[in-house]
Structure formats: C-alpha cells, structure tokens
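Each chain, letter by letter, is given below.
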Amino acid sequence: MHTPTQFSITGPARPQAGRVWILGGVIVALIVAAPLLAITWIALFPSENIWPHLASTILPRHSWNTILLMIGNGIGVFLIGTTTAWLVATGEFPGRRIFEWALLLPLAVPAYIVAFVYTDIFEFAGPVQGLLRDIFGWQTKRDYWFPEIRSMGGAIFVMSFVLYPYVYLLARAAFLEQSVSVLEVSRTLGRGPWKTFVSVALPLARPAIVVGIALALMETLADFGTVDYFAVNTLTVSIFDVWFGMGNAGGAAQIALVMLAFVVVLISLERIGRRGRRYHNTSTRHTAQSRYRLGVARGWLATVICTLPILIGFLIPAGVLTRHAIVFFDQSWNAAFFGFARNSLMLATIAAFAAVAIAIFLAYGRRMSGRAFGVLSRISLLGYAVPGAVLAVGVLIPFARLDNAIDSLARDWFGVSTGLLLSGTIFALVFAYVVRFLAVAFGAVEASLGKIQPNMDMAARSLGAGPGRTLWRIHLPMIRGSLIAAGTIVFVDSMKELPATLILRPFNFDTLATHVYQFASDELLEQSALSALTIVLAGIIPVILLSRALTDAQRKRRKIGFFEAVPTLSPALPTKSAGD
Amino acid sequence: MRFRTSLLAAAGLTAALASSPVLAAEQAAINNGEVNVYSYRQPFLIQPMFDAFTRDTGVKVNVVFAPKGLVERLEQEGRNSPADLIFTVDIGRLSDAYDSGVTQAVQSAELSGAIPEAFRQDNGHWYGLTQRARILYVSKDRVPVNEAPKSYEELADPKWKGRICTRSGSHVYQVALTSAMIAHHGLEKAEDWLRGLKANLARKPQGNDRAQVKAIKEGECDVSIGNNYYYGQMLQNEEQFAWAQSVYPVFPTIANTGTHVNISGVALTKSAPNKQNAVKLMEFLAGDLAQQMYAEQNFEYPIVAGVPQGGLIRSMGELKPDTLNLDEVAANRGTALKLINEVGYND
C-alpha cells in the first residue's frame, strides 16, 4: 500500500480540453445542486422563528429518534452486509453461487411495502400472534405481551433488511478486488479466515463499506413512508409538521438543512478517521483467490446465514404480495395496469441513463481537477438524504422560475405565451430522480475510476488522445461493470420512488408506486398488490443482470493489468486520433 | 466495443421513449377547455363524480393527486399553472390555499344558493362540498351504550385511562378538533383536556382512523376518534367488515353544542386557464346528483340542504353539528398544533 499524492491531469499537451471538461462538470454540478440551493433559499425566509418552540417541545425527541434509527440501521446493515459479503466472496459452501445475486434481491422491494407486509404478519390480527393465541388460549391483547412491530425496533428491523444490499454490494466487490497476495500473506503468517477478515480484509474494505453504510443512512434520513407508518417520530416528521401543519416552509427547510449538515459531519468524520490514507493494491496479480473450504457443519451454517436476509427482505414480502396479487388478479390485470408499468419502466430507464451519464461527467471532471471541484460535486450528491417531498418542492422552484422567465420573455417579445415548458412534465420527474439518486451512481463511478491508475491516463494522453477520447476508449470500457451497477441501482430506486413522483407528476399520470400508494395509504394494499409485485419483479431482472455483470467484470479486470493494456491500446490510438 | 455500441443504442431508445406521446399529451391538456384538478383527495373518492360530469357535459377532467405539496406547486407555477381547481379536505387546508394567494373568487348564484354561508369563504374563494363528522367508535363488547362517552370533554376523564386510541395528533383532523376545543374553551382548558386525553391513550398515536377501529376489534382499546364515513367504507370491505361490526358510532358534543364537523371543498385557482368549465364543474358538484353520490358512495354528509343522506349514514344516528364557525377552527390551527407538540401528544 502506498499513499499517492493528489494528482491532476491537465497535461501540458492540451490544457484547454481539460478545462472544458472541468467547466462542463461545474455547470452540471450546479444544475444538479439547484434544488438544494432552492431549499437553502427558502430556509432564509421562515414565516416565524420555529426553533424556540421546537427546541422546547418535539425537537429533542425527534432528533434522538433519528439518531437511534440511524445507529440501529447502521449496525444492522453493517452486520448483515459485511458478513454475507465475506462469506460469499471468500468461502465455498452450498448455494454460494445463488447467494451471490440473490443477496441483492431485497434491494428491489420498497421499504414501505415491507413495512406493510410485516405489520400484517406480526400485528395482533396477524398469523403469528393468532397462532400463539390458539396455542395458549389467550383472548385479547391484555392477556399477553408481544413486541410491537409498529415501533423503533420494527423500523430498524424492516429498514436494515432492505437496505443492507448497499453494503453487501460494495463490500463484496471490495473483498473480491483485494489482491490475493495480501490475503495470502495473512494466511501464510498463520491467520485463520476469521482473523484475516477482522485484521486485514475489513480494514482494507473500509472505504467501500463506509460508502455503503453512508448510502443506507442517507436513505434512512430521507425516509418518510416507513417511519410514518410505524409511528416513529423522526426529524422528517418534524419537517412535515412544520411545513404542512404550521405552514412554515422556511422553518421546515431549516430542519432539512440541519439534517444535511448531519450527513456532511458524518462523512467528514469518516474521512478524518482515514486521514487521507488510500488503499491501492500494489500488485495487479489478481489470480482467482483460493476459497476457504468450509466443513459440512460450517458450510451449512453459512448457507443459513445467507438465506435469512433473503428470506426476510425478499421472499416473505414477495410471497405475501404474490398471494394478494393472485386473489385480486382479475381486478388488477387491465389496461390501466400496463399504463402504470409502462410509465414506471420508462421513467426509471431514462433516469438510470441520465444519472450514470451525469455521474461519469462529474467523476471525470473531478479526476482532472482535484479539490475545489470535489466540494461542488459533493454538494450535488446530498439530494439523497433529502426527503422526497422536500426535494420535490426544491425541484419545482428552479423549473417554474425558468419556465416563467422564458414565458415572460416570449410574451414581451413575440406576444405569445409559451406556458410551462418543463414543470409538470416527465422531464421534471426524471430530473428529480437524478438529483435524488445521483449519489449512488456517482459513488460507484468515482470509486472505480479511482482504481484506474493515473499512468493509464498519461499513457493515453501521451499517445495523443484528448480527455474525451481517453474516457470513451480507455476508462468507460474498463469501468463498465460499475456503470452497469450504478445504472441498475438508480433504475431500481427510481421504480420505488414515491413522494417526489406524487407531487411533480403530470395530469392523469400514475406509476406503479403511486398506484400502490393510493390504496396502501387506506390499508387496502391487497387491491394494488399486483402493481407492488411488479415493482419488485421489474427490480429483480436488472439486479440479477447486475450481479452477473459484476462477476464478469471481475474476471475481465484481471486481464487488464497496466502492462497488458498499453500494447493493445497503442496501435489504435494514434491512427484514430489523427482526425480528432 | 460491443459495450459502447449497446450503450449508444440504449441511450437512443431512451430518447425515443421520452419523446413518446406522454409529453405531447400533457401540453395539449392545458388550453382545450378540459378541467385540470390538483387533488389532495384520493382519486377513487372523487373520480365517480368527475365521470358523471364528463358524461353530462362532455368535458374531460384531468387529475394530479398528491397528499401534500400541491399548493406549493401551484405557488411556484404561478400564472402559467395548468391547474384550474384545488380539491382538498379540511378547513385548514382550504384556508391555507386562500392565504397563499393561489385562489380566486367565484361568484355563482348556483353555488351561493346551494351551499350554506358557513361552508364557503365570504368572497367565494373556496366552497365546501361535503361535511364529515368526527365521531366516536365505541366497543360493542366492552362499553354498554349507556356508559359510552357523550362528549369529547369526557374523553379526558380518568375513567377512560388506557382505553382510548387516536391517530397522530398532528394529522389535520385531530388538529381541527383540538382547534375547535381551543375556540370553545380557551387555550388553558383545552390544554388540560388534551393532557387528559393523552393520559388516557392505550397506545402511542399511530395509523389512520380505520386502524383505530381495528385496534378496538383486537381489544387494544375501547373508544376511538374517527371520521364518520369510515364506518360505511369499512362495512363495504371484506376484511374490514368485522372491524366495523365490533363498534357502534356515537355522536359526541363539544361544549354541549353538537358534534365537531369538518368539510371537504374546492377552490378555483387564480390562474385557471379553463375557468368557465371549472366553475361548471364546481356547480355540478354542488348539484343534487353529485351530492347524492357523495352521500351514497363515500358516506359523507351532503352540504346542500334537502339532499337526502345515504341510508347507511342515517342509520348511524342523527348529526347535530357544532355551531362554531369554521373560520375560527382555521384561525386556531397554529395554536392547536403547538399545543399538541407541547403536551407531547405523539410521543
């Protein structure tokens, strides 16, 4: 491991080209940051100073609940995510190949749907308590104690089991990428698998694991549906009380900003903790690791450990939905359903491509420029921690201002009204998804770009390729696995997105998620179970593809060590760049 | 190479999808006389009335439904907003819309003739369409009829300790009730009442009005507060039928006057591009047919005098509404919400 200094590639050969990329990156970052800037703007004009009242009433408890939920979820996703990732990445046990992709499945299930399902199962009228009553002859709730699912514990349970795939995904990739020699050294020095995991693999994978936990925690902060359903009063609930109850948008925006500050502090703490240490593999010798062969008992234990999260986070919820969907199939399987499905797929697909494209742009701009741009690109990622409804209002403001400004100009100059061009269209929706989920895409792209050694860029540039060509011909093919991963997660997250979709959508426009919400909010989830199930199914396919792509990319990357790459590239570059 | 080619192909496909009829269809909806609605009410509650209107007049109605944020959307969209009407429940939300300046006055003899003065804004900035009573659901098994609480005030009596369920105190329906309490009794007494009620709760406030009735069925509590129409809606639902069967409705009084009521209503937006048809829809909804549909399908109380209540509503008992002016309920809302926070009602 070595610690490279910050590098910058604005090579002397073609400085302008580099600057164009940086400038473009800055502009894109500003556009993406616009909704957050709009929320900051609102925060400057509260209709009343809300803090004295809040501080003396609900704020301490809501803050405490938020912290508790984050700690609980943080521990939950860390334990589930890293344990399963380590087992799958380094062990050999029954079903390992299936677990590789199946552990990602809970990603496809919206947290609020899982919350509904487990409430149905664990509440008084549900099968679990019903069975207990039958066995012990209890009658009412007063006869016995049973843990309340609608509680902090319930929320942590549900959210940990749907959010852990973020950690699993990144941790597994990190474990697989760890140079085999490092782990072998550990082995030859007499460390067993457990000690190797704790003292070598885990610290090496720390940056990836932290990113995964950060994503899960940002999603936790932004969540409203689950905490609302479970009556866990977090800061998100305060925001909506102040905004829509007291009509104080400014005060609500201030709380939202405090939450963002929270995230920033968390992330910086981790960075300080790392003190600029970076972990590069010094060797590119990535021959397949020899896996730990687990004995029969341990092997099956591993199988059980990996089955549990899939069972809880995916199989049970999907099973319940399937049952409802079959009962209500005739009512649900109609033209309207196909409309919802089409809208969801369309929006999610566009959002996935847009988010990945922007993520590449930002990550590449950052690669070439260094620190100052880094701050800006980080700001544009904070949308992930903002509750969807707040973000939606943040999106409304710049769009409506722009539309109305264009309209005013058109009226003044040509006497025609252009109306609203972007507000209330699917464009605004896609934009909202991109702002909301860019953090996920950017994280993946930046991480894998970072693994490509700078001397690759230099080699390409010295052979005459501009930054654009270098990106297109060298970087993109090398990081394709990560691009697919990033696009998939944005796709799945967009399929699930609800609050911003509700507020920003066009007339008569329903997605699967909004359709489900309409019924679920009245405790009638069964009637829209087919739509809910479709969200899940539509998520599964890309998730499986994702996993295969990752395994695939893993194999390929082993071939593109630095020395192998240069000869294959050099004949192509000079000739083609002639007309550049 | 194949990867990048497929990347390009997929991007092209995406662009093609994006430019598909969806975008064009939206823009067309604005200036062709169709009525555009921003609704805080779930579409399945109002769609039947819209369909009847379309059958009647040939005018199409387009809807965006969201539980929050639509007034904000309207504010931002400004004079170019495509929306003609805002549909919402709760007097508070109606006055919010009025206060944010996104509505305009409607003068219509038909509307002011049909809708009592108490249920419309003085200048016609909003009109109530239905009335709903906030009633009590009482356990059939555990509370004999003669022992059931007769007023909201009684709910604070220690004899109900651990026996009452409500939804979140910050929900608009609970805020309106608290607000009415403040208007009738003053802040101090209202605070005592709310603390007493909080002390009697069987569990932390959670779920919606139906979930409280379910909790009674399950033996968790004996009395819950909820809107009257859920009774009818639960009776119509296979699974929830049993919940409704476990309770009987009681119409409590507030300050010895009558039962606390709230309204659902409609407002014309300031920028309404299709004003004429929008007003036509408002008048249609205040007409006998739509009022009857509200009563029979949604189990709400018609706001227009003389329109018969649905059979099921009548069977629940007679509604004698609180005489308090709704404006006062709206005016005390901010104070009520703060009070709810101060007593820590939701904790």
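Residues numbered from 1 in each chain as written. Chains lettered and ligands numbered in written order. Predicted model: local features only at pLDDT ≥ 70, side-chain atom pairs only at ≥ 80, totals over all residues.

Moving on to the overall build of chain B. When helices and strands are counted, chain B shows 16 helices and 10 strands. On C-alpha atoms alone, chain B measures out to a radius of gyration of 23 Å, which is about the 20 Å that the 2.2 N^0.38 rule sets for 347 residues. Expressed along its principal axes, the backbone C-alpha trace of chain B runs to roughly 70 × 65 × 40 Å. Residue burial in chain B is summarised as follows: out of 347 residues, 52% are buried. Sequence-distant contacts, at least 24 apart, represent 79% of the contacts inside chain B between residues at least 6 apart. (Helix = DSSP H or I, 4+ residues; strand = E, 2+ residues; numbered from the N terminus. Rg over C-alpha atoms; globule rule 2.2 N^0.38 Å. Buried ≥ 20, exposed ≤ 12 C-beta atoms within 10 Å, placed from the backbone. Contact = placed C-beta atoms within 7 Å.)

To continue, consider the overall build of chain A. A count of helices and strands for chain A gives 26 helices and two strands. The long-range share in chain A, meaning contacts at least 24 apart out of those at least 6 apart in sequence, stands at 85%.

This next bit is on helix H7 (residues 172–185) of chain B. Taking 1.5 Å per residue as the helical rise, H7(B) with its 14 residues ought to reach 20 Å, and the 20 Å between its terminal C-alpha atoms agrees with that figure. Among the 14 residues in H7(B), 13 count as buried, and that is most of the element. (Expected span 1.5 Å × (residues − 1).)

So, about the interface of chain A and chain B. Taken together, the contact between chain A and chain B spans 48 residues of the former and 49 residues of the latter. A per-element tally of the side of chain A that touches chain B places helix H17 (residues 388–414) of chain A first, with nine residues. The class makeup of the residues in the side of chain A that touches chain B is 24 nonpolar, 14 polar and 10 charged. (Nonpolar A, V, L, I, M, F, W, Y, C, P; charged D, E, K, R; others polar.)

Attention now moves to unusual backbone geometry. Phi at A:Asn508 is positive, roughly 50°, even though this residue is not glycine. Within the fold, A:Asn508 resides in the loop between helix H22 (499–504) and helix H23 (512–520). Of the residues examined, A:Asn508 has 18 C-beta atoms within 10 Å and is grouped as partly exposed. One non-glycine residue, B:Ala255, lies in positive phi territory at about 50°. Structurally, B:Ala255 is set in the loop between strand S8 (247–250) and strand S9 (261–269). When the 18 C-beta atoms within 10 Å are taken as the criterion, B:Ala255 is described as partly exposed.

Attention now goes to the domain arrangement of chain B. All names here are of chain B. Taken domain by domain, chain B consists of domain 1 (15–131 + 262–308) and domain 2 (132–260 + 319–342). A separation of 28 Å is found between the C-alpha centroids of domain 1 and domain 2. Domain 1 puts 14 residues into the contact, and the matching count from domain 2 is 18 residues. Listed by contribution, the elements that provide at least two residues to the side of domain 1 that touches domain 2 are helix H5 (91–99), strand S5 (127–139) and S9. The element contributing the most residues to the side of domain 1 that touches domain 2 is H5, with four residues. (Domains from an automatic or database assignment.)

So, on to the domain arrangement of chain A. Residues and elements named next belong to chain A. For chain A, the assigned domains are domain 1 (37–109 + 163–324) and domain 2 (328–572). Contacts between domain 1 and domain 2 engage 30 residues on the former and 35 residues on the latter. Of all the elements in the fold, those that place two or more residues in the side of domain 1 that touches domain 2 are helix H1 (15–43), helix H4 (96–102), helix H7 (152–177), helix H9 (193–222), helix H11 (235–245), helix H12 (249–274) and helix H13 (296–327). With five residues, the single largest contributor to the side of domain 1 that touches domain 2 is H9.

Residue and element names in this part refer to chain B. Here helix H3 (residues 43–57) crosses helix H12 (residues 275–285) at 115°, and the two axes come no closer than 11 Å. Seen along the crossing, H3 lies across H12 with a hand that is right-handed. Residues Met49, Phe53, Asp56 and Thr57 of H3 form the contact with H12, whose participating residues are Lys280, Leu281, Phe284 and Leu285. (Axes fitted to C-alpha atoms, helices over the stretch in contact; angles between N-to-C directions. Left-handed = near helix turned anticlockwise from the far one by under 90°.)

The next point concerns the confidence of the model for chain A. Residue and element names in this part refer to chain A. Per-residue pLDDT for chain A has a mean of 81; in total, 87% of the residues score no lower than 70. This model gives residues 1–14 a pLDDT under 50, and the stretch forms 24 contacts once residues within four places in sequence are excluded. This model gives residues 558–580 a pLDDT under 50, and the stretch forms 25 contacts once residues within four places in sequence are excluded. (pLDDT = per-residue confidence, 0-100.)

Considering the arrangement of structural elements, one finds A:Leu345 in helix H15 (residues 335–369). The spatial distance from the C-alpha of A:Leu345 to the C-alpha of A:Ser494 is 9.1 Å, given a sequence separation of 149 residues.

As a further point, take the confidence of the model for chain B. For chain B, the mean per-residue pLDDT works out to 89, and 91% of the residues sit at or above 70. Under the prediction, the complex receives an ipTM of 0.82, its pTM being 0.84.

So, about helix H5 (residues 111–122) of chain A. Residues and elements named next belong to chain A. Here H5 spans 16 Å end to end across 12 residues, near enough to the 16 Å set by a 1.5 Å rise per residue. Of all 12 residues making up H5, nine are buried, and the element is well covered by its neighbours. Those residues of H5 not exposed but buried are Ala111, Tyr112, Ile113, Val114, Ala115, Phe116, Val117, Tyr118 and Thr119.

Attention shifts here to the pairing of strand S2 (residues 61–65) of chain B. Residue and element names in this part refer to chain B. In terms of burial, S2 is largely enclosed, as five of its five residues are buried. The side-chain alternation of S2 yields two buried faces, one formed by Val61, Val63 and Phe65 and the other by Asn62 and Val64. In this structure, strand S1 (residues 35–39) lies alongside S2, joined through five bridges in parallel fashion. Across the sheet, the residue bridging to Tyr38 is Val64, located in S2. Crossover S1 to S2 through H3 is right-handed. (Pairing = 2+ DSSP bridges. Right-handed = clockwise from strand over helix to strand, strands pointing away.)

Let us now look at the packing of H17(A) against helix H4 (residues 70–77) of chain B. It is the contact of H17(A) with H4(B), at a shortest axis distance of 9 Å, that shows an interaxial angle of 15°. Looking at the two axes, H17(A) sits roughly parallel to H4(B). Considering only the axes of H17(A) and H4(B), their crossing is right-handed. From H17(A), A:Val393, A:Leu396, A:Ile397 and A:Ala400 reach across to H4(B), where they touch B:Glu72, B:Arg73, B:Gln76 and B:Glu77. When the residues that make up the contact of H17(A) with H4(B) are grouped by side-chain class, the tally is four nonpolar, one polar and three charged. (Parallel < 35°, antiparallel > 145°, perpendicular 65-115°, else oblique.)

Turning to the environment of A:Thr470, a few remarks are in order. All names here are of chain A. Along the chain, the position of Thr470 falls in helix H20 (residues 467–478). A count of 24 C-beta atoms within 10 Å places Thr470 in the buried class. On a C-alpha basis, the gap between Thr470 and Asp457 in space is 6.9 Å, while along the polypeptide they are 13 residues apart. Discounting chain neighbours no more than four positions away, the residues touching Thr470 are Asp457, Ala460, Arg461, Ala465 and His475.

Let us look at the environment of B:Val343. Residue and element names in this part refer to chain B. Its location among the elements puts Val343 in the segment after helix H16 (333–342). For Val343, a count of 21 C-beta atoms within 10 Å gives the class buried. Note: C-alpha distance between Val343 and Gly196 (147 residues apart in sequence) is 9.9 Å. When neighbours within four sequence positions are excluded, Val343 is seen to be in contact with Glu191, Leu194, Arg195 and Lys198.

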